[in-house]
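# Examination of the molecular architecture
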Amino acid sequence: MATKPLLEVKDLKVSLATETGTVVAVDGVTFHVHAGETLGIVGESGCGKSVTAESILRLFDQEDVTYSGQVLYEGTDLLQLSDRQMESIRGNEISMIFQDPMSSLNPVQTIGKQIAESLKLHRGLSGKQARRAAVELLRLTGIPSPEQRVDEHPHEISGGMRQRVMIAIALACKPKLMIADEPTTALDVTIQAQILELIGHLQAETGMGVIMITHDLGVVAEICARVAVMYLGQVVEEAGVDDLFYRPQHPYTIGLMRSIPRIDGERNRKLHVIEGTVPSLRHVPAGCRFAPRCKYADERCLHREPPLNRTADGHAVRCWYPGIAPVEEEAHELGIFG
Amino acid sequence: MGGYVVRRLLSLVPVLLVVAIVVFSIIHLTPGDPAAILLGEEANKAEIDDMKSKMGLDKPIYEQFGIWIWGVLSGNLGQSIFLHKPVTEAFFERLGPTLSLTVIAQAIGVALALLLGITAAKRRGTAIDQSVMSFSMLGISIPSFLLGSLLVMLFGVKLRCLPVAGYQPLSAGLWPHLKYLILPGIVLGVIQAALIARMTRSSILDVLSENFMKTAKAKGVKEKTIIYTHALRVSFIPILTVIGESFGGLVTGAAVIETLFNIPGVGQLIVNSISRRDYSVIQGSVLLVTVAYVFINLIVDLLYGLVDPRIRLSKK
């Protein structure tokens, strides 16, 4: 795509103040999303996916966070905007869906009010207009009898419904970019598929860009065009989805793929695991961050941090020995591509 | 909901019975003879005995209790031996000043508490938060008569802008009515505020870390607006509980402040009646005050459902 990307994150670094000191949760992350495109960000818990997502909208309390780098939205650096300007971006130009629909809705407000809020705020709709719009949005997200649902409270509807309501809230102002932070993790498998389908369908209809944050490679394979794999606050590999699944380069990416259980695998075959655990952000390894868990690491990996190298075809990988790990036939047989 | 209210009202009966027995026992166990007090020091024994039998005090105590309870059940709380009028009349005369004072104190208290509590929660850990919390500690600890005396000294004696003590009914005009209640209202309000502010702060802090606050922020809602439209209502249940409790405390008479400011309220009535051994007034007032207290709690419970739709009582 030769057009300018909708969102360009450049060398984003996020330091968070916690009770036990400051940690650098995101360290030099770079990626971009085009209009109408879905970018997947995958990684284990604690790799900085959610922090990256929330940093785009600057959702952290100002006193707890320090950003550096750039978050260019249509050429404007969001990190430089005033609070006022940022408020007019949130929910209007860029919106967000969160992981847990149970706790992400206000328990004492009706669904309709919560959807209407951003419409009143950004579009200046009256109470009546916003309510009508809320009913339409509920209908759009596939909620049956929206005229009744609009006056109900979150505790009166199911988890899947609540995530639909979250999507309705996110879509209310027709944003150009939607960030979905593990939108299906807290849901039943059957509902997961419906929600993903809904997001994909709405994206095709509105042409918005989507950032899909997930730890589920199945989700990535299903709806993403490009994928960034994150490990310990950094992007370790980024490529088009086919490219990534067929020609993964980073030992971590390969490890992730091999640890997906296969429905057609032999029953007594052991599931692959990546040895060790993600180190704490307080004790980031010197050199390559994955080196302590990597079978192929040598002296160079332990002492010198590899840069994120991008090849001509846009496949980027942060490894001294890209492609060293055997992919075997794993990726081809994952069954992900059906 | 109707069923719930009826059940709550029925549960009032045993509560009132216990209160009646306790109050009756305590005042009859305390030394002091109402007949002797009524007749003065010059009265001789025969006169006192005569008075006693007229008042029914020569009967065995269980019989006295029986007579009183029978009266209560038929709506007659008895006659004040000292005020020469029915207890109910004496009580309801005094209820007006107490209610006015309560409303003013509670308005000052809640407004101040919400302002302070919310500010402290928003600025948690800062100097502002700490000063609010120290103020609230001071408010909880300071005796009401001390704060009252200090305010009287400043506004009543030094600045001479407010009366030192006294009371005018609302029928005398709004300002005359209010000006007597401002100082006692501030004293009681500040003390209530101290408690409610602490609850508000901790309750809002709990809610601020909830996920739906992030959702609201991601919608582009201003941080100030988020606190008032999203956080306050969700965190209001514990705040409401404290408000209800303090309201109950005020309605039942702020005896010290009513005495200090010479406001003819319920608290003063009860205190005076105790020193006069005016049994029927003490018994009747305490009983009525208990009813008021239980009713306020009932109203608070019903308000819970209004604040938080997850606690709608009707669905039970």
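Predicted model only: the values in this text are computed from it and were never measured.

## A few points about the packing of aromatic side chains
- For the structure shown, the criterion picks out 7 aromatic pairs over all chains.
- Taking the centre distance of 6.2 Å and the plane angle of 50° together, the rings of B:F65 and B:W68 count as tilted. With B:F65 and B:W68 both in helix 5 (residues 61-73) and 3 residues apart, this pair spans about one turn of that helix. Taken individually, B:F65 and B:W68 each receive the classification buried, so the pair is uniform in this respect.
- Three or more aromatic residues joined by ring pairs make a cluster, and in this case those are A:Y231, A:Y252 and A:F290.

## What to know about the pattern of salt bridges
- What the rule picks out here adds up to 23 salt bridges over all chains.
- As a salt-bridge pair, B:K222 and A:E87 come within 3.3 Å of each other at their nearest N and O atoms. Here A:E87 lies in helix 2 (residues 83-89) and B:K222 lies in the loop between helix 10 (211-218) and helix 11 (223-234), a pairing that spans two chains.
- What makes B:K222 partly exposed here is its relative accessible area of 38%.
- Given the relative accessible area of 13%, A:E87 is considered buried.
- In this structure, the salt-bridge partner of B:D49 is B:K45, at a minimum N-O distance of 3.0 Å. One end of the pair is B:D49 and the other is B:K45, both in helix 4 (residues 45-55) and 4 residues apart, which spans about a single turn.
- Residue B:K45 is classed as exposed on the basis of its relative accessible area of 62%.

## Focus: the environment of B:I227
All names here are of chain B.
- Inspection of the secondary structure puts I227 in helix 11.
- Along the chain, I227 and K52 lie 175 residues apart, while their C-alpha atoms are 64 Å from each other.
- Beyond its immediate stretch of four places on either side in the chain, I227 contacts I118, K122, L208 and L232.

## Remarks on the sheet that holds strand 1 (residues 7-18) of chain A
Residues and elements named next belong to chain A.
- The sheet built from 4 strands is open, its strands ordered 2-1-4-5 with antiparallel pairing. The open sheet terminates on both sides in strands that have one partner only, identified here as strand 2 (21-33) and strand 5 (76-77).
- In the sheet, strand 4 (residues 65-73) pairs with strand 5 via 2 bridges, with the strands oriented antiparallel. Counterpart to L72 in the pairing with strand 5 is D77.
- Along the sheet face, helix 1 (residues 49-56) touches strand 1, strand 2 and strand 4 and points at about 110° away from the line of strand 1.

## What about a nonpolar patch on the surface?
All names here are of chain B.
- On the surface, F145, L146, L150, M153, V157, V164, V256 and L260 cluster together to form a nonpolar patch covering roughly 670 Å² of accessible area.
- Contributions of two or more residues to the nonpolar patch are made by helix 8 (144-158) and helix 13 (255-260).
- Ranked by the residues each element gives to the nonpolar patch, the list is headed by helix 8, at 5 residues.
- Positionally, L146 belongs in helix 8.

## Some remarks on unusual backbone geometry
- At A:D11, a position not held by glycine, the phi torsion is positive, near 50°.
- In this structure, A:D11 sits in strand 1.
- In the Ramachandran plot, B:R277 falls in the positive-phi region, its phi being about 55° despite a non-glycine side chain.
- Topologically, B:R277 is positioned in the loop between helix 14 (266-276) and helix 15 (279-307).

## Here's the deal with the side chain of A:Q192
- Topologically, A:Q192 is positioned in helix 7 (residues 189-206).
- Setting aside its immediate chain neighbours within four residues, A:Q192 contacts A:T184, A:T185, A:L187 and A:D216.

## Thoughts on the sheet that holds strand 9 (residues 226-231) of chain A
All names here are of chain A.
- With mixed pairing, the 8 strands of this open sheet are ordered in space as 6-7-8-3-9-10-12-11. With one partner strand each, in any of the chains shown, strand 6 (94-97) and strand 11 (309-310) form the two edges of the open sheet.
- For strand 11 and strand 12 (residues 316-317), the ladder comprises 2 bridges, and the chain directions are antiparallel. Across the sheet, N309 pairs through a bridge with V317, a residue of strand 12.
- Where helix 7 meets the sheet, it contacts strand 3 (38-42), strand 6, strand 7 (177-181) and strand 8 (209-214), and its direction lies at approximately 160° from that of strand 8.

## Here we look at the domain arrangement of chain A
All names here are of chain A.
- Taken domain by domain, chain A comprises domain 1 (7-224) and domain 2 (250-333).
- Taking the mean C-alpha position of each, domain 1 and domain 2 sit 29 Å from one another.
- Taken together, the contacts link 12 residues of domain 1 with 10 residues of domain 2.
- Both faces combined, the contact of domain 1 with domain 2 buries some 990 Å², and carbon together with sulfur accounts for 53% of it.
- The partner of R293 in a salt bridge is E44, with the nearest N and O atoms 3.4 Å apart.
- Taken together, domain 1 and domain 2 are joined by 4 residue pairs in polar contact (both at pLDDT 80 or more).
- Ranked by the residues each element gives to the side of domain 1 that touches domain 2, the list is headed by strand 2, at 6 residues.
- Among the residues forming the side of domain 1 that touches domain 2, the class breakdown is 4 nonpolar, 6 polar and 2 charged.

## Let's talk about the interface of chain A and chain B
- If you look at the interface, chain A gives 31 residues, while chain B gives 21 residues.
- Approximately 2200 Å² of surface area, both sides summed, lies buried where chain A meets chain B, with 52% of it carried by carbon and sulfur atoms.
- For the pair chain A and chain B, the interface holds 4 salt bridges.
- A:E54 serves as the salt-bridge partner of B:K214, at 2.8 Å between the closest nitrogen and oxygen.
- Inspection of the chain A/chain B interface yields 14 residue pairs in polar contact (both at pLDDT 80 or more).
- Those elements giving two or more residues to the side of chain A that touches chain B turn out to be helix 2, strand 6, helix 3 (111-123) and helix 6 (159-171) of chain A.
- At 5 residues, the largest contribution of residues to the side of chain A that touches chain B is made by helix 3 of chain A.
- Residues belonging to the side of chain A that touches chain B are distributed by class as follows: 12 nonpolar, 10 polar and 9 charged.

## Here's the deal with the packing of helix 6 (residues 87-122) of chain B against helix 12 (residues 236-251) of chain B
Residue and element names in this part refer to chain B.
- It is at 9 Å that the axes of helix 6 and helix 12 come closest, and there the two elements cross at 150°. Compared by their axis directions, helix 6 and helix 12 come out roughly antiparallel. Crossing handedness for the pair helix 6 and helix 12: right-handed. In this structure, helix 6 uses T98, L99, T102, A105, Q106, V110 and L114 to contact helix 12, whose residues at the interface are F236, I239, I243, S246, F247, L250 and V251.
- For the contact of helix 6 with helix 12, the class distribution of residues is 10 nonpolar, 4 polar and no charged.

Criteria and cut-off values
- Residues numbered from 1 in each chain as written.
- Chains lettered and ligands numbered in written order.
- Predicted model: local features only at pLDDT ≥ 70, side-chain atom pairs only at ≥ 80, totals over all residues.
- Heavy atoms only, no water.
- Phe/Tyr/Trp six-rings, centres within 6.5 Å; stacked < 30°, edge-to-face > 60°.
- Helix = DSSP H or I, 4+ residues; strand = E, 2+ residues; numbered from the N terminus.
- Buried < 20%, exposed > 50% of the residue type's maximum accessible area, 1.4 Å probe, protein only.
- Salt bridge = Lys/Arg side-chain N within 4 Å of Asp/Glu carboxyl O.
- Contact = heavy atoms within 4.5 Å.
- Pairing = 2+ DSSP bridges.
- Axes fitted to C-alpha atoms, helices over the stretch in contact; angles between N-to-C directions.
- Patch = residues over 30% accessible without salt bridge, like charges linked within 9 Å, V, L, I, M, F, W, Y side chains within 5 Å.
- Areas by Shrake-Rupley, 256 points an atom, 1.4 Å probe, with all protein chains shown as cover.
- Domains from an automatic or database assignment.
- Buried area = accessible area lost by both parts, 1.4 Å probe.
- Polar contact = N/O pair within 3.5 Å; in protein donor to acceptor, adjacent residues only side chain to side chain.
- Nonpolar A, V, L, I, M, F, W, Y, C, P; charged D, E, K, R; others polar.
- Parallel < 35°, antiparallel > 145°, perpendicular 65-115°, else oblique.
- Left-handed = near helix turned anticlockwise from the far one by under 90°.

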